[in-house]
Amino acid sequence: MRTSVLKKPVVRVVLAVVAVALAIGVYWFEPWKLFVDQTVREELPQAAVPTAPVDGSGAPSAPAGPEVLATGTFISHEHDTEGKVEVIRLSDGSRVLRLEGLNTSNGPDLRVWLTDAPVKEGTAGWRVFDDGAHVSLGKLKGNKGDQNYALPADVDLSKYTSVSIWCDRFDVSFGAAELSR
């Protein structure tokens, strides 16, 4: 009499371990994101227009237009990444970090980081951004397009020199841009 291979306890344990490992791997790596792009098309936010006279003339003062404080261009690290970054002061004094024409891979747990790390080409630049000071501006809204991230009022821009699209799950930069003032 022959017994089925699946009836042996060792085979069942091995299959169970393989199934659990596969489920954990799928959860951890999120491989479907390789095939799904998220495109975001946000306009530059408009600051609130003052309703009361500010200049003493009796007429409302016209708000100053947005002012670009810093710019940069993304280079690729772990994944091909391109696009531009700007730090912009709006007419109400608030600041935003704007990504324009972003094009990178989608991935698990991607963040936008303002950092003090130097931007290095190639694999030398993949993991440097969490070595020093950084400010997480939140989850990446989409791996393609134009998007805005509010900068906290207490962030001293003179201390931060770069922006990274950071994969928090694997501690690696997808791409980064050095900020020029």
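In case you missed it, the structure is sitting above this.
Let me begin by describing the structure that accompanies this report. (Residues numbered from 1 in each chain as written. Predicted model: local features only at pLDDT ≥ 70, side-chain atom pairs only at ≥ 80, totals over all residues. Heavy atoms only, no water.)

**Some points on the overall build of the protein**
No. 1: Within the protein, the secondary structure is distributed over one helix and nine strands.
No. 2: For the protein, the α and β elements follow one another from N to C terminus as α-β-β-β-β-β-β-β-β-β.
No. 3: Counting across all 181 residues of the protein, residues that qualify as buried make up 35%.
No. 4: For the protein, the proportion of contacts with a sequence separation of at least 24, taken over those separated by at least 6, is 64%.
No. 5: Counting every atom, the protein has about 10,600 Å² of accessible surface; 58% of that belongs to carbon and sulfur. (Helix = DSSP H or I, 4+ residues; strand = E, 2+ residues; numbered from the N terminus. Buried < 20%, exposed > 50% of the residue type's maximum accessible area, 1.4 Å probe, protein only. Contact = heavy atoms within 4.5 Å. Areas by Shrake-Rupley, 256 points an atom, 1.4 Å probe, with all protein chains shown as cover.)

**Looking at the pattern of salt bridges**
No. 1: Going through the model one piece at a time under the given rule, you end up with five salt bridges.
No. 2: Through salt bridges that share partners, D109, R111 and K139 make up one connected network. (Salt bridge = Lys/Arg side-chain N within 4 Å of Asp/Glu carboxyl O.)

**Structural notes on the sheet that holds strand β9 (residues 172–178)**
No. 1: The sheet built from nine strands is open, its strands ordered β1-β7-β4-β3-β2-β9-β8-β5-β6 with mixed pairing. Of all strands in the sheet, those with a lone pairing partner are β1 (39–41) and β6 (134–139), marking the two edges. Each adjacent strand pair in this sheet contributes to an overall mean axis angle of 30 degrees, direction not counted.
No. 2: As defined by bridge partners, strand β5 (residues 110–115) adjoins strand β8 (residues 162–167) across six bridges and the pair is classed as antiparallel. (Pairing = 2+ DSSP bridges. Axes fitted to C-alpha atoms, helices over the stretch in contact; angles between N-to-C directions.)

**Considerations on unusual backbone geometry**
No. 1: With phi around 55 degrees, D109 is a residue other than glycine that occupies positive phi space.
No. 2: Looking at where D109 falls in the secondary structure, it is placed in the loop between β4 (95–103) and β5.
No. 3: On the basis of relative accessibility, which here comes to 18%, the residue D109 falls in the buried class.
No. 4: Here D171, not a glycine, exhibits a phi torsion of approximately 50 degrees, which is positive.
No. 5: Structurally, D171 can be placed in the loop between β8 and β9.

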